[in-house]
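Coordinates in review
Letter by letter, the chains look like this.
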2 protein chains.
Amino acid sequence: MSKSANNSLLLHLVTDRSLSLGRSLVEVVQEAVAGGVTCVQLREKDCSTRQFLQEAELLKKLLRPLGVPLIINDRVDIALAIGADGVHLGQSDMPICHARRLLGPGCLIGISAESLDHALEAEQQGADYIGISPVFSTPTKTDTAPALGLDGLRLIRERVQIPLVGIGGINLTNASQVIAAGADGVAVVSAIMAAESPRQAAEAIRRELE
Amino acid sequence: MSKSANNSLLLHLVTDRSLSLGRSLVEVVQEAVAGGVTCVQLREKDCSTRQFLQEAELLKKLLRPLGVPLIINDRVDIALAIGADGVHLGQSDMPICHARRLLGPGCLIGISAESLDHALEAEQQGADYIGISPVFSTPTKTDTAPALGLDGLRLIRERVQIPLVGIGGINLTNASQVIAAGADGVAVVSAIMAAESPRQAAEAIRRELE
């Protein structure tokens, strides 16, 4: 993916295997992409490095021919090993200065920002996009900061030039409000991962966004 | 460290913060090195990437001027970020082919082998040393394979040319037997980490080894 292809940020799927209703990650992702997901972030918090690498390789094999970028959460080594399109780093992950040096200028680096200060810092340090987290309160992550809300997102939009992706509690009913408040895209977890039909769920959200 | 400096494998300290009796890792490691530890492996299983990186940076600052190699357990990204001397990879960590490509030929790669087959494979794939794990049964790791024993170690020694480091249940009373059975070094966790004086504990084991 070209780093300038910001429309690929429009609808992120962030994976969470615990929500996949027993389906494999590849199966859910394949459906979700068929439904209009433009970017996939592989997030694994409770598996070995080798399992993480294997999942990443499977997703890369699926997504690369479709031109859908694959972004790895947290683990720069996994991203390097498989040649992922990018990494997404939280405030407890590797600082961007190290990550950029290891990954090079061609790799997307997204940073989770839980405040305006985080967002300004990430932009200044060379992030390619910022994940505004959480926009709404969310059941799928328990360690998050208080919700920023649409007003918090608007405030950050006024001060930050690089693309913003909203995450946290985003679903069919509120996705378009997040875009209206200034985000370039939304990232969705349970609204697609846990849907009976990830494809239909993605299609519906994608329609809302356009 | 030069990769040929195999005597640095003689007495590894493998860290485990949960055993450090409230002391900082830097404090325990500093004492242990003063007592004769020749190599330090930083193992962190329950902290964020950023915390792991910070611990690794602190240890590197301590160890580099002393010429004591720092080896990072599992995380190739941490090793790359701080410029560690090596990584130690288990059978559930990144496969050596990926790790070598990312780390280059100058970086030590140690592989944990729980059987002769693992050891032969690691040697064939270009490992710099093999951790024979566990030699004895151990309370500090709960997910290990059955103990190989001194006989298992001897068997591997007969078939494998690269350096072997015994790990698992090794302490003052049995360290010299591990060397006598053919190991080039021993790796110690609780016998140093949990000692009232890590320095004296390291000194005593080091004397046994020489």
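In what follows, the structure referred to is the one given above.
All values reported here derive from a predicted model rather than from experimental measurement. (Residues numbered from 1 in each chain as written. Chains lettered and ligands numbered in written order. Predicted model: local features only at pLDDT ≥ 70, side-chain atom pairs only at ≥ 80, totals over all residues. Heavy atoms only, no water.)

**A look at unusual backbone geometry**
Residues and elements named next belong to chain A. The amide bond that connects Ser133 to the next residue, Pro134, takes the cis arrangement and shows omega of -10 degrees. With respect to the helices and strands, Pro134 occurs in the loop between β6 (129-132) and α6 (149-159). Unusually for a residue other than glycine, Asp74 sits at a positive phi of about 75 degrees. Summarising the element assignment, Asp74 is placed in the loop between β3 (70-73) and α3 (76-82). With relative accessibility at 10%, the residue Asp74 sits in the buried group. (Helix = DSSP H or I, 4+ residues; strand = E, 2+ residues; numbered from the N terminus. Buried < 20%, exposed > 50% of the residue type's maximum accessible area, 1.4 Å probe, protein only.)

**Side note on helix α5 (residues 116-124) of chain B**
Residues and elements named next belong to chain B. Considered for burial, the residues of α5 that qualify are Leu116, Ala119 and Ala122. What you see down the axis of α5 is that its buried residues fit within an arc of 130 degrees, all on one side. In this structure, α5 carries Asp117 and Gln124 as exposed residues pointing more than 90 degrees from its buried face. (Arc of directions from axis to C-beta.)

**Looking at the environment of A:Gly22**
Residues and elements named next belong to chain A. Inspection of the secondary structure assignment puts Gly22 in the loop between β1 (11-14) and α1 (25-34). You can call Gly22 exposed: its relative accessible area is 78%. Along the sequence, Gly22 and Arg50 sit 28 residues apart, while their C-alpha atoms lie 21 Å from each other.

**Notes on the relation of the copies chain B and chain A**
Of the transformation placing chain B onto chain A, the axial shift is 0.0 Å and the rotation is 180 degrees, giving an RMSD of 0.0 Å. A rotation of that kind, with that shift, is consistent with a two-fold axis. Scanning chain B for the C-alpha nearest the rotation axis identifies B:Asp77, at a separation of 2.3 Å. (Least-squares fit on C-alpha atoms with pLDDT ≥ 70 in both.)

**What about the pattern of salt bridges?**
Scanning the model with the defined rule gives 22 salt bridges over all chains in all. Salt-bridge contacts for A:Asp184 lead to A:Arg157; the nearest nitrogen and oxygen are separated by 2.9 Å. Within this pair, whereas A:Asp184 is found in the loop between α7 (175-180) and β8 (185-188), its partner A:Arg157 is found in helix α6, the two being separated by 27 residues in sequence. Residue classification places A:Asp184 among the partly exposed positions, given a relative accessible area of 32%. In this structure, B:Glu55 and B:Arg17 form a salt bridge, with 3.8 Å as the shortest nitrogen-oxygen distance. Note that B:Glu55 is positioned in helix α2 (residues 49-63) and B:Arg17 in the loop between β1 (11-14) and α1 (25-34), a separation of 38 residues in sequence. (Salt bridge = Lys/Arg side-chain N within 4 Å of Asp/Glu carboxyl O.)

Function cannot be read off these values alone, since they describe shape.
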